[in-house]
Amino acid sequence: MNRRLGVLISLIIIFILILTLYWNEFRDIANENINQSEWVGVWNASMQAPFEEGVSDIGFEDQTIRMIIHPRVKANKIRLRLSNVFSEKPLTMQEIHVAISQKESEIDSGTDLEVTFEGKSKVTIPPGERKFSDSILLEVTDDEAIAVSIYMKEKSGPVTWHPVSMQTTYISSGNHGSTSDSSAFNEKVNAWFLLDGVDVAADDSLKGSIVVIGSSIANGNKSTVNTNRRWTDYLARRLKQEQSELTVMNAGISGNQLINSRPDNGENTLTRLQRDVFSQQGVKALILHQGLNDIRHYPEYDAEKIIGRMKKIIDSAHDHGIKIYGGTLTPFKGSGLFTLRGEKTRLEVNHWIRTSVVFDGVIDFDKALRDPGEPEYYINKYDSGDHLHPNDEGYKKMADTVDLSLFN
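Criteria and cut-off values
Residues numbered from 1 in each chain as written. Predicted model: local features only at pLDDT ≥ 70, side-chain atom pairs only at ≥ 80, totals over all residues. Heavy atoms only, no water. Axes fitted to C-alpha atoms, helices over the stretch in contact; angles between N-to-C directions. Helix = DSSP H or I, 4+ residues; strand = E, 2+ residues; numbered from the N terminus. Parallel < 35°, antiparallel > 145°, perpendicular 65-115°, else oblique. Left-handed = near helix turned anticlockwise from the far one by under 90°. Contact = heavy atoms within 4.5 Å. Polar contact = N/O pair within 3.5 Å; in protein donor to acceptor, adjacent residues only side chain to side chain. Phe/Tyr/Trp six-rings, centres within 6.5 Å; stacked < 30°, edge-to-face > 60°. Buried < 20%, exposed > 50% of the residue type's maximum accessible area, 1.4 Å probe, protein only. Expected span 1.5 Å × (residues − 1). 1 Å grid on protein atoms, 1.4 Å probe; cavity = no way out; pocket = protein on both sides within 12 Å on 5 of 7 lines; lining within 4 Å. Points joined across faces, edges and corners; volume = space filled by probe spheres on them. Nonpolar A, V, L, I, M, F, W, Y, C, P; charged D, E, K, R; others polar. Pairing = 2+ DSSP bridges. Salt bridge = Lys/Arg side-chain N within 4 Å of Asp/Glu carboxyl O.

**Some remarks on the packing of helix H4 (residues 231-241) against helix H10 (residues 392-401)**
For any two helices packed against each other, one specifies the crossing angle of their axes together with the interaxial distance.
Okay, so step 1: The geometry of H4 relative to H10 is characterised by a closest axis approach of 8 Å and an angle of 45° between their N-to-C directions. Considering their axes alone, H4 and H10 lie oblique with respect to each other. Note that H4 runs across H10; the crossing there is right-handed. Residues Trp231, Tyr234, Leu235 and Arg238 of H4 pack against Asp392, Tyr395, Lys396, Met398, Ala399 and Asp400 of H10.

Right, here's the structure in full:
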């Protein structure tokens, strides 16, 4: 009897241990899913490989990079995502800080916080990978900018980056991650480095985001630097004014193309969809405004070639349960690579965007910006002067053209 009782007790103990083990695994999976769902992406910088020369090729050593970003949301908990996607070696960051930005490189010292990764200040990211920070309890209003300061003690080598940020980044010698004034930051560049995303904790006022993917017009080229006058910024302001539960993330890359991947202009749109759109948290919609660079640089491409690539992007978005909206291609006569053949292709592509009913909706940027008397040109008041990119007023017109009811 005692032997049977002992065996029974042993079996019960084993059963409890097995149950505990599986319960812990189930709890971990549940917690992971909860952590995934509580975040919404609110800021994005599409990354690309370093150039063969210049600051991205040289990299950093015993230097602090201070980047200024504008998520345009109210939040009390954020996390950063850092990228080493385009490097062939591990990248170590000794220390990272976030704070509310003040004028230029100055920060509000009372808001300065050290960022950790799995509880540690120092983080190493393997080549080809990205990494999220721990949660950061930073109070941010929708009109405040955030300063992210990264100190790299060891020589980094070439770094993953986003050139033409339309926002000044400040660089200092030594560790100045928590330095509040501007005295140490004596170098300025128009680029973001390593930081490719910011998420915030979702709440009733923020349920998801719209991603805009495209090239230099999406990126905001020729808008006024440090003023946040990209058309995506204007659109984010409109959504906020209308108390929408959505915000906007910008996945534009200067010079980017639908079909080809060029060394200084990032991977083609289809290739980078997974990284720049589908892997983001809380994406509800995608706006595609892309194709003009393909037409400009490859005038031999006909409309069917451009449309064929757009169809693949549309199918991919739908496969991921994301609605996708097509933006018509804007005028470019007067710019350096204008051809009559390319103009014919642009008109044919725009006709297809407007009439094919393949997109979930259409945003007619061409109609909004073209000169009624000479539709191959911009309306003069919207032209930045290069006859390819809008100016600040033109970018605002683009944002005002978007029918917000598309996203209801």
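**Focus: the side chain of Asn44**
Okay, so step 1: Its place among the elements puts Asn44 in strand S1 (residues 39-44).
Okay, so step 2: A distance of 3.4 Å separates polar atoms of two side chains, one belonging to Asn44 and the other to Ser46.
Okay, so step 3: There is a polar contact of 2.9 Å between the side chain of Asn44 and the side chain of Gln280.

**As for the packing of aromatic side chains**
Okay, so step 1: Overall, the coordinates contain 9 aromatic pairs when judged by the stated rule.
Okay, so step 2: Seen from their ring centres, Tyr298 and Tyr301 are 4.9 Å apart, and the 10° between their planes marks the pair as stacked.
Okay, so step 3: Classification of Tyr301 by relative accessible area gives buried; the value is 13%.
Okay, so step 4: Judged by centre distance (5.2 Å) and plane angle (85°), the rings of Tyr325 and Phe407 are edge-to-face. With Tyr325 in strand S18 (residues 323-327) and Phe407 in the segment after H10, the pair connects residues that are 82 residues apart, well separated along the chain.
Okay, so step 5: Taking the relative accessible area as the measure of exposure, Tyr325 reaches 2% and is therefore buried.
Okay, so step 6: Among the residues examined, Phe407 registers a relative accessible area of 13% and is labelled buried.
Okay, so step 7: Chaining the aromatic ring pairs together yields one cluster made of Phe51, Phe60, Trp161 and Phe193.

**So, the environment of Asp62**
Okay, so step 1: Tracing the backbone through its elements, the reader meets Asp62 in the loop between helix H2 (55-58) and strand S2 (63-69).
Okay, so step 2: Residue classification places Asp62 among the partly exposed positions, given a relative accessible area of 36%.

**Section: helix H7 (residues 303-319)**
Okay, so step 1: For H7, spanning 17 residues, the distance from its first C-alpha to its last is 24 Å, which sits close to the expected 24 Å at 1.5 Å a residue.
Okay, so step 2: Next to the buried residues of H7 lie helix H5 (269-278), strand S17 (283-289), helix H6 (292-297), S18 and helix H8 (340-355).
Okay, so step 3: After H7 finishes, the residue Gly321 shows a positive phi value of roughly 75°.

**Here's the deal with empty space enclosed by the protein**
Okay, so step 1: Per the stated rule, a full pass over the model turns up 2 cavities of 30 Å³ or more.
Okay, so step 2: Its volume calculated, the largest cavity comes out at about 240 Å³.
Okay, so step 3: Residue lining of the largest cavity: 22 residues in total, with Trp43, Arg230, Thr232, Asp233 and Asn250 positioned closest to the centre.
Okay, so step 4: Where the lining of the largest cavity is concerned, the elements lending two or more residues are S1, S2, H4 and strand S16 (246-252).
Okay, so step 5: Of the residues assigned to the lining of the largest cavity, the class counts are 10 nonpolar, 9 polar and 3 charged.

**Observations regarding the pairing of S1**
Okay, so step 1: Among the 6 residues of S1, 6 are classified as buried, and the element is accordingly described as predominantly covered.
Okay, so step 2: Bridging between S1 and strand S14 (residues 195-201) involves 5 bridges; their strand directions are antiparallel. Paired with Asn44 across the bridge in S14 is Gly197.

**So, the sheet that holds strand S6 (residues 113-114)**
Okay, so step 1: Reading across from one edge, S6-S5-S9-S2-S11-S12 is the order of the 6 strands in this open sheet, with antiparallel pairing throughout. Here the strands that pair on one side only, and so sit at the sheet edges, are S6 and strand S12 (185-189).

**Examining the pattern of salt bridges**
Okay, so step 1: Under the counting rule described, the total for this entry stands at 19 salt bridges.
Okay, so step 2: Through salt bridges with shared partners, a single network forms among Glu343, Arg346, Arg354, Asp364, Asp366 and Arg370.

Coordinates in, geometry out; function isn't part of it.
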